[in-house]
Amino acid sequence: MPGHDPPNDQHSAYRLAAQDEEFLLGDSMRGVRFLLEYAKAEERLRSWGVASTIVVFGSARVLQGGSSDPAATTATMPEGARPRRGATSARWYEEARRFGRIASERGGALRPVEGLRRNVVATGGGPGIMEAANRGAYDVGAPTIGFNIRLPLEQVPNAFTTPDLTFQFHYFAMRKMHLAMRAAALVVFPGGFGTFDELFEVLTLRQTEKAAKVPIVLFDPGYWRRVVNFEALVEEGMIEEEDLGLFDFADDAEEAWSCLIRRGLLAGEAEPAPGS
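Described below are features of the structure shown in this document. (Residues numbered from 1 in each chain as written. Predicted model: local features only at pLDDT ≥ 70, side-chain atom pairs only at ≥ 80, totals over all residues. Heavy atoms only, no water.)

**Description of the pairing of strand β2 (residues 120-123)**
So, step 1. By the alternation rule, side chains of β2 split into Val120 and Ala122 and Val121 and Thr123, which are all buried.
So, step 2. Alignment of strand β1 (residues 53-57) against β2, held across 3 bridges, turns out to be parallel. Directly across from isoleucine 54, in β2, lies its bridge partner valine 121.
So, step 3. Bridge count between β2 and strand β3 (residues 145-149): 2 bridges; the pairing is parallel. Note on β3: the bridge partner recorded for threonine 123 is glycine 146.
So, step 4. Since β2 and β3 lie parallel, the crossover through helix α5 (residues 129-139) that links them has a hand, and here it is right-handed. (Buried < 20%, exposed > 50% of the residue type's maximum accessible area, 1.4 Å probe, protein only. Helix = DSSP H or I, 4+ residues; strand = E, 2+ residues; numbered from the N terminus. Pairing = 2+ DSSP bridges. Right-handed = clockwise from strand over helix to strand, strands pointing away.)

**A closer look at the pattern of salt bridges**
So, step 1. Tallied over the full model, the rule gives 16 salt bridges.
So, step 2. Between arginine 30 and aspartate 27 there is a salt bridge, with its nearest N and O atoms 3.4 Å apart.
So, step 3. The class of arginine 30 is partly exposed, set by a relative accessible area of 41%.
So, step 4. A relative accessible area of 62% places aspartate 27 in the exposed class.
So, step 5. Here glutamate 42 makes a salt bridge to arginine 46, at a shortest N to O gap of 2.7 Å. One end of the pair, glutamate 42, and the other, arginine 46, are both in helix α2 (residues 30-47), 4 residues apart, so they sit about a helical turn from each other.
So, step 6. For arginine 46, a relative accessible area of 36% gives the class partly exposed.
So, step 7. Through salt bridges that share partners, Glu95, Arg98, Arg106 and Glu254 make up one connected network. (Salt bridge = Lys/Arg side-chain N within 4 Å of Asp/Glu carboxyl O.)

**Digging into the sheet that holds β3**
So, step 1. Across the sheet, which stays open at both edges, the 7 strands sit in the order β4-β3-β2-β1-β5-β6-β7 with parallel pairing between neighbours. With one partner strand each, in any of the chains shown, β4 (166-169) and β7 (248-250) form the two edges of the open sheet. With strand direction ignored, the average angle separating the axes of adjacent strands in the sheet is 25 degrees. (Axes fitted to C-alpha atoms, helices over the stretch in contact; angles between N-to-C directions.)

**Some thoughts on the packing of helix α4 (residues 87-107) against α5**
So, step 1. It is the contact of α4 with α5, at a shortest axis distance of 7 Å, that shows an interaxial angle of 40 degrees. As judged from the angle between their axes, α4 and α5 are oblique. For α4 against α5, the interelement crossing comes out right-handed. Residues Trp92, Tyr93, Ala96, Arg97, Gly100, Arg101 and Ser104 of α4 lie in contact with α5, whose contacting residues are Ile129, Glu131, Ala132, Ala133, Arg135, Gly136, Ala137 and Asp139. (Parallel < 35°, antiparallel > 145°, perpendicular 65-115°, else oblique. Left-handed = near helix turned anticlockwise from the far one by under 90°. Contact = heavy atoms within 4.5 Å.)

**Structural notes on the side chain of threonine 144**
So, step 1. Mapped onto the fold, threonine 144 is located in the loop between α5 and β3.
So, step 2. In terms of polar contacts, threonine 144 uses its side chain to reach the side chain of asparagine 134, at 2.8 Å.
So, step 3. Residues in contact with threonine 144, not counting those within four places in the same chain, are Val120, Val121, Asn134, Ala137, Phe160, Thr161, Thr162 and Leu165. (Polar contact = N/O pair within 3.5 Å; in protein donor to acceptor, adjacent residues only side chain to side chain.)

**Examining unusual backbone geometry**
So, step 1. For glutamate 114, which is not a glycine, the phi torsion comes out positive at approximately 50 degrees.
So, step 2. Relative to the assigned elements, glutamate 114 resides in the loop between α4 and β2.
So, step 3. The backbone phi angle of aspartate 220 is positive, close to 75 degrees, even though this residue is not glycine.
So, step 4. Within the element layout of this structure, aspartate 220 appears in the loop between β6 (216-219) and α8 (221-227).

**Topic: the pairing of β1**
So, step 1. Among the 5 residues that make up β1, 5 are buried, leaving the element largely enclosed by the rest of the structure.
So, step 2. Bridging between β1 and strand β5 (residues 183-188) involves 5 bridges; their strand directions are parallel. Bridging across to β5, isoleucine 54 finds its partner in alanine 185.

**A closer look at helix α10 (residues 253-262)**
So, step 1. Listed as buried for α10 are Ala253, Ala256, Trp257, Cys259 and Leu260. All buried residues of α10 fall inside an arc of 155 degrees around its axis, so they share one side.
So, step 2. Against β1, α4, β5, β6 and β7 lie the buried residues of α10.
So, step 3. Regarding α10, its N-cap is aspartate 252, as a side-chain oxygen of that residue lies 3.1 Å from the backbone nitrogen of glutamate 254 further along.
So, step 4. Residue glycine 264 follows α10 closely and has a positive phi angle near 110 degrees. (Arc of directions from axis to C-beta.)

**Things to note about the packing of aromatic side chains**
So, step 1. Taken as a whole, this structure holds 13 aromatic pairs when the rule is applied.
So, step 2. Taking 5.6 Å as the distance between ring centres and 80 degrees as the angle between the ring planes, the aromatic pair formed by tryptophan 92 and tyrosine 223 counts as edge-to-face. Placement of tryptophan 92 in helix α4 and of tyrosine 223 in helix α8 is noted, with a sequence separation of 131 residues between them.
So, step 3. Given a relative accessible area of 13%, tyrosine 223 falls into the buried group.
So, step 4. When the centroid spacing of 4.9 Å and the interplanar angle of 45 degrees are considered together, the rings of phenylalanine 230 and phenylalanine 247 count as tilted. Here phenylalanine 230, found in helix α9 (residues 230-235), pairs with phenylalanine 247, found in the loop between α9 and β7; they are 17 residues apart in sequence, far enough to count as distant. For the pair shown, phenylalanine 230 and phenylalanine 247 are each scored as buried.
So, step 5. Aromatic rings pair up to connect Trp92, Phe196, Phe200, Tyr223 and Trp224 into one cluster.
So, step 6. For the cation-ring pair, arginine 225 lies above phenylalanine 249, with the distance from its terminal atom to the ring centre recorded as 4.1 Å. (Phe/Tyr/Trp six-rings, centres within 6.5 Å; stacked < 30°, edge-to-face > 60°. Lys NZ or Arg CZ within 6 Å of the ring centre and 35° of its normal.)

Okay, structure coming up:
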């Protein structure tokens, strides 16, 4: 009623759309928010000249050293998560860290060509295997990317991603798009549902030729053959035998790097960023 409403210039309808948080967070603006999540990360990646990435997936629950002292790793682990301890876990962490170093030193992330960097190590930005791979790149002074996701149990980025390349997403789909769109290779360490989701999405994109050919390496064949019976999928006619050729297995960081090179990974010189 007149006399009870705020003056017109103080009403929410009068607010500039770009400054109206209630409007921007409403259902009608979901597509715009999706675009913003694409554009913000894309702008930063281009400013750093990131032409391609090597994406490392793996469990957030793997502890450095496998000891009872989780140190920095469990500081970012979801509340209630049961960390994986022991010698095998420690080895996965150290090999992921070693791989991050190898990929950064040999792949081109340290040596931009005409302002472009190739094979920058990228992860989901969290603890465990992700932390280890980012840490390996950090050890040698290379830029390294963390594509974090906002979760009900707050995820905090690990300490080893480059601050200017540490992103946070609301939408899983946009995060996956950024993980995949510059990926020149994929190395997948042991993990759970999240790791499976990311692995099989990339395998599906490759199987259906919706993505360019990229080398894919599964780390620790004993783990992967135990938790996924790939041959049974062929026997049941769910995939073709040739689909098993979409990936290799490796048992240490050096072997993983060799598999990527053998599969055609271009190391050293950079190429134009996608869409440039």
